[in-house]
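Close look at the chain arrangement
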Amino acid sequence: MIDRRAALTGLSAAILSSCTGEAATTDAAPLKSFLTAPLGVAAMTAEFADPQWQALTATHFDRLTPEWEMKMEYILQSDGSHRFEAPDRLLRQAKLNRQGIFGHALVWYAQDGAYFQNLRSDKARFEAAYRAYVQAVVGRYTGQVDGWDVVNEPILDDGSGLRNCLWRDVLGDYYIDIAYHAAHGADPACPLVLNDYNLEHTPAKRRQFLKLVDDMQKRGVPLHVLGTQTHISAALEPGALKATLRDLAATGLKIHVSEVDVSLKEAAKNAFDFKSYRAQQIRQIEELAEAWLSLPVAQQYGITIWGLRDKDSWYNRSQKGLLADEPLLFDDTGALKPLGQAFVKALR
Ligand code: 9MR
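An unreviewed UniProt entry annotates the protein chain as Beta-xylanase of Asticcacaulis aquaticus. Under Sequence similarities (unreviewed entry), UniProt gives the following word-for-word description of the protein chain: "Belongs to the glycosyl hydrolase 10 (cellulase F) family." Reading the Catalytic activity (unreviewed entry) entry of the UniProt record for the protein chain gives the comment "Endohydrolysis of (1->4)-beta-D-xylosidic linkages in xylans."

Here we come to the site of the ligand. Among the 14 residues in the neighbourhood of the ligand, the closest are listed as Glu 67, Lys 71, His 104, Glu 153 and Glu 259. Within the contact set of the ligand, a nitrogen atom lies 2.8 Å away from a side-chain nitrogen or oxygen of Glu 153. Within the complex, 78% of the 450 Å² of free accessible area of the ligand lies under protein. Here the shell around the ligand is composed, by residue class, of 4 nonpolar, 5 polar and 5 charged.

Looking along the chain, the bond that leaves His 104 and enters Ala 105 is cis, with omega of -10°. Tracing the sequence through the fold places Ala 105 in the loop between β3 (100-103) and β4 (107-108). Within the chain, Asn 198 stands out as a residue other than glycine whose phi angle is a positive 60°. Tracing the sequence through the fold places Asn 198 in the loop between β6 (192-196) and α9 (203-218). Residue Asn 198 is classed as buried on the basis of its relative accessible area, which comes to 18%. Backbone geometry places Thr 230, a non-glycine residue, at a positive phi of 65°.

Conventions and cut-offs
- Residues numbered from 1 in each chain as written.
- Predicted model: local features only at pLDDT ≥ 70, side-chain atom pairs only at ≥ 80, totals over all residues.
- Heavy atoms only, no water.
- UniProt positions renumbered as here; feature names shortened; annotations may be inferred.
- Near = heavy atom within 4 Å.
- Polar contact = N/O pair within 3.5 Å; in protein donor to acceptor, adjacent residues only side chain to side chain.
- Areas by Shrake-Rupley, 256 points an atom, 1.4 Å probe, with all protein chains shown as cover.
- Nonpolar A, V, L, I, M, F, W, Y, C, P; charged D, E, K, R; others polar.
- Helix = DSSP H or I, 4+ residues; strand = E, 2+ residues; numbered from the N terminus.
- Buried < 20%, exposed > 50% of the residue type's maximum accessible area, 1.4 Å probe, protein only.

This is the structure in structure tokens:
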């Protein structure tokens, strides 16, 4: 790890200083050199046109997760045809920088689309089309992605059970198993992930998630990695992240900390009082690093940060004009923030 870090430091410094101006820290080693497992970042093809985004992601991250363009909402058209233009571009971009691509996400309650809505009254056709969709998308990228979020966010927010969604309405609880078997059939070597959020915030949701994992394992469903998104508030209860990673790791499966951001705005409850939460924000990222390091290396699938600079965060994109959040590791000039520096320090 030291050798890799040393080898990359010079390159990183050169790229940083040429692209980020005075705010760049020329002594910064690539963030990815501080982990033995891959460090990922959420990506969109629209960001490719930005040279600073290009340079910083190439330097600091091992893997890209398409933030939207590998989802059903992008790929599946209303006539059932598939659009692969953006995923293909994401793959080419990643290859160019010798990065991996993490597939996100095949089946999500939040995205079903007109094509499947129109099939809902014909269960047999619906099920055949559902399998075919998973097989087509996974099959297209066989051997080219680091893994797939197969089912995303299946658990209700209060942890009382599985969410209702089109997939469950038509296929029953078995919709989950069908998707994993179809994905495994299309790419038997591909790590398959179950991904959800608030597992640290809501212990009841974590228990329900783990119950689902246990049931899937007992049924022999091909499930290899657990994804805990980690969209957290700076005011999250201390100890929650450690408890979550420990509980998830007790399954024996690998862990993907899959969508990290630490929101100040959530902590401040949308007030302007960010400064009282900055120290807590830093403590959260330190706790995340400590919890990560306490996992057995064999169970460390990776950590993915949900965007590069604060201005790239979904929090800011979806709330244009309102108070901006500062949940990410890099600021809008491309400099590593104290939050990012604390993460690196805690990973050392
Ligand atoms: O950050 C993503 C945003 O750009 C998209 O518009 C949105 C809908 O596709 O999804 C966001 O990412 C979500 C992820 O896919 C699943 N977990 C929660 C993320 C934040 O909402």
